[in-house]
Amino acid sequence: MKKLLTVILALAAVACAPKPAGKFLQSDPRVEELMKQMTLEEKIGQMVLFTSDWSVTGPTMRQGYLDDIRAGRCGNLLNAYTADFTREVQRVAVEESRLGIPILFGYDVIHGFRTIFPINLGMSASWDIQAIEKSAQIAAEEAAAAGLQWTYSPMCDISVEPRWGRISEGSGEDPYLGSLIAAAMVRGYQGDDLSSDNTVLACVKHFAAYGAPQAGRDYNTVDMSERWLREFYLPPYKAAVDAGALSVMASFNELDGVPAHANKHLMQDILRDEWGFEGFIVTDYTGINEMVMHGYAANEADAGALSVNAGVDMDMMSASFMNYLKEKVEKGEVSEKTVDAACRRILNLKAALGLLDDPYKYCDPQREKDRTLTPENKAFARSFAAETMVLLKNNGILPLAKGEKVAVLGPLADSKDDLLGSWRGAGEVQSVPASVLDAIKEVTPVSAGANKVVLVIGEPWSWTGEAASRSSIRIPEDQVSILKQLKKQGRKVVVVLMNGRPLDLSEESELADAILEAWYPGTMGGYAVADVLFGDVNPCGKLSVTFPRNLGQVPIYHYAKNTGRPYIHPDAKYESRYLDVPNEPLYAFGHGLSYTTFEYSDITLEGGDSRSESGMTFRGEGTLKAKVTVTNTGDREGTEVVQMYIRDLVGSVTRPVRQLKGFERITLGPGESREVEFTICKETLSFYRQDMTWGPESGDFNIFIGGASDCTKNASFKYEI
Ligand code: BGC
């Protein structure tokens, strides 16, 4: 029996609701008292961030950080954690420095702290905004219990560049999905109260457009039009700021010839003046000194002055502020007011985090023990990891039956280490209970000679993340050759992929009977893979980034333009096409299969102002409802991500052929139908018009709704301003 229910669409409605206004930084009277007592050196000291010797994520510039803390020359520390260790360092700051100002402790808590969740690219493939928020909240709770108050996350860098290793750390190619995720992560980390002992300050990074390095090589030059930057790259950073993030990290790249660390247009015009950001801006590691190598500053002293004058408040690791800023102030190249403003922002944040009330509030070993790697955290990590997996192909071999013999092969099958991915926080291999092989062995006999094979291949985790660009996006040949041999032997092969970037799977997609994209699924990832393979969980992930047929198609993304010569006629020569591959990707953005099937009705439009032969029209501040009925036509429950794309047919600047504008995750039982409703308003249709104002234009639009960006159900409507 079919049931019909109506859903009011929450996520598409987000675009039509007023946006949150960002968080104001309260000015604390104790900060003003401190400022009166501080020397210039001590103010500069609050603008300095060094690593401890606990763990290092880049070249160390300076040892002896405890002496710097004592002398008031360093007010912030990264890579120091555990309640005991941070308590001791905090004691030095509070008891042995002249003014006793507490240290702010930061760390890269990127996809979990001790309980590790899937890498961020994987998380985004869940399209489950609530689950992503919850993962950030758990990460914050574990990190805050280990003495930390500040995470260098969310990473909001949109990327269409699979060669770039850091595409694994972001939410993929789409600004709409990326914005929802960025905001959710900020909410998860910061909660409602920064001063509570289970929240941490978020840091929006890397500002800006770090995800678009030329040729995919990390740290490389970025150049794009202001329009493209604003429409496709800036929205997730802005969403994170609007959600209340109170720190931002500059990016290593230059943009339009100006390194981000001295880019006034980014930091002052856009971030502070347009977006009203009141928090502080930190450098990315030695980003200040790197401006010498960029060829933008003659020396490190000038680089520091350029960056602080452009808007940077805190220097991570360059030691430029520590060594030269006082001199630059004395020479009048940097005003004392600028230093005061930066110091005040940082101190006000320390006050907001509760550190001026109780510097030791985050350093409680008992809480650290109680709140870390709890059974609840691990249970959530397991179910969330399963949700992030994308079934790319299935000829019916999956799900496997429990009890049937399978062989589990491949270099990643028995690796606990690779499950954690890069930027694994304080996650440890010893905390991973099972590799994929271990987990499968718990549900079925595994035998090397079985006809059905689960082949776990991909990239070792160290091939992704920072400084891990590749010039090939193929799986290494020694791994693909295992698949070829198995197929030669006539065996049925389920490929489980662990990787952190879109790969060229053209060969594997021909050979394999099924492909499950598992990303690096985290602490409980071995079990989560088994849960999906054996059908305890019906896969529901959808790609948040396009998978090309080969590297030659890159960049390839779903919001491409039409061109003046779109490829329409099969044999046409002078149309925009390749001679050797189709234009379409191997797996489109939004693609992902399930063990059940979903059918979409035609789209109906309602609620506009008038209807004519050319379709429904809505006007001005009005709204239009687009509805489809989705039916689960298979025999098991499944979750579908219903996606809505819009095309603006004629604009004062050309518009993408499709652009994601809304989605909804729905779970349907066998035979169940549900009506899904999207609200379209003027914000849904807005873009940077030719004069760079943000808003819609009157005209004709197409709307597409379906289970992937290449869906075919469509309708047309008109909008009049
Ligand atoms: C990375 C940042 C990170 C920082 C601190 C840098 O190398 O680019 O993403 O937050 O190190 O570890």
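Going by the structure above, here's the rest.
Just so it is clear, the model here is predicted, and its values are computed rather than measured.

Caption draft 1: Region of the structure containing the packing of aromatic side chains. For the structure shown, the criterion picks out 26 aromatic pairs. Between tyrosine 210 and phenylalanine 252, the aromatic rings sit 6.0 Å apart at their centres with planes inclined by 70°, giving edge-to-face as the arrangement. Placement of the pair is tyrosine 210 in the loop between strand E6 (204-207) and helix H9 (226-233) and phenylalanine 252 in the loop between strand E7 (247-250) and strand E8 (254-255), with a sequence separation of 42 residues. Residue tyrosine 210 is classed as buried on the basis of its relative accessible area, which comes to 1%. Following the ring pairs from residue to residue traces out a cluster consisting of Trp127, Tyr176, Phe589 and Phe663. Positioned over the ring face of tyrosine 574 is lysine 573, at 5.6 Å from the centre of the ring. The aromatic ring of phenylalanine 704 is capped on one face by arginine 658, whose charged end is 3.7 Å from the ring centroid.

Caption draft 2: Fine view of the pairing of strand E27 (residues 699-706). When you tally the buried positions in E27, you get 6 out of 8 residues, the bulk of the element. In this sheet, E27 lies alongside strand E22 (residues 638-648) in antiparallel orientation, the contact comprising 6 bridges. Across the sheet, residue tyrosine 645 finds its bridge partner in E27, namely phenylalanine 704. With 6 bridges connecting them, E27 and strand E28 (residues 714-720) associate as antiparallel partners. Counterpart to glycine 699 in the pairing with E28 is tyrosine 719.

Caption draft 3: Structural context of the nonpolar core. Counting 196 residues, the largest nonpolar core has Trp150, Phe207 and Leu533 as the members making the most contacts within it. Examining the composition of this core, we find that 10 residues originate from one element, helix H8 (residues 175-190), more than from any other. Viewed by domain, this core spans two of them, domain 1 (373-553) and domain 2 (598-720), each represented by three or more residues. One finds Tyr600, Ile603, Ile705 and Phe717 within the second-largest nonpolar core, a separate group that totals 25 residues.

Conventions we followed
- Residues numbered from 1 in each chain as written.
- Predicted model: local features only at pLDDT ≥ 70, side-chain atom pairs only at ≥ 80, totals over all residues.
- Heavy atoms only, no water.
- Phe/Tyr/Trp six-rings, centres within 6.5 Å; stacked < 30°, edge-to-face > 60°.
- Helix = DSSP H or I, 4+ residues; strand = E, 2+ residues; numbered from the N terminus.
- Buried < 20%, exposed > 50% of the residue type's maximum accessible area, 1.4 Å probe, protein only.
- Lys NZ or Arg CZ within 6 Å of the ring centre and 35° of its normal.
- Pairing = 2+ DSSP bridges.
- Core = buried A, V, L, I, M, F, W, Y, C linked by side-chain atoms within 4.5 Å.
- Domains from an automatic or database assignment.

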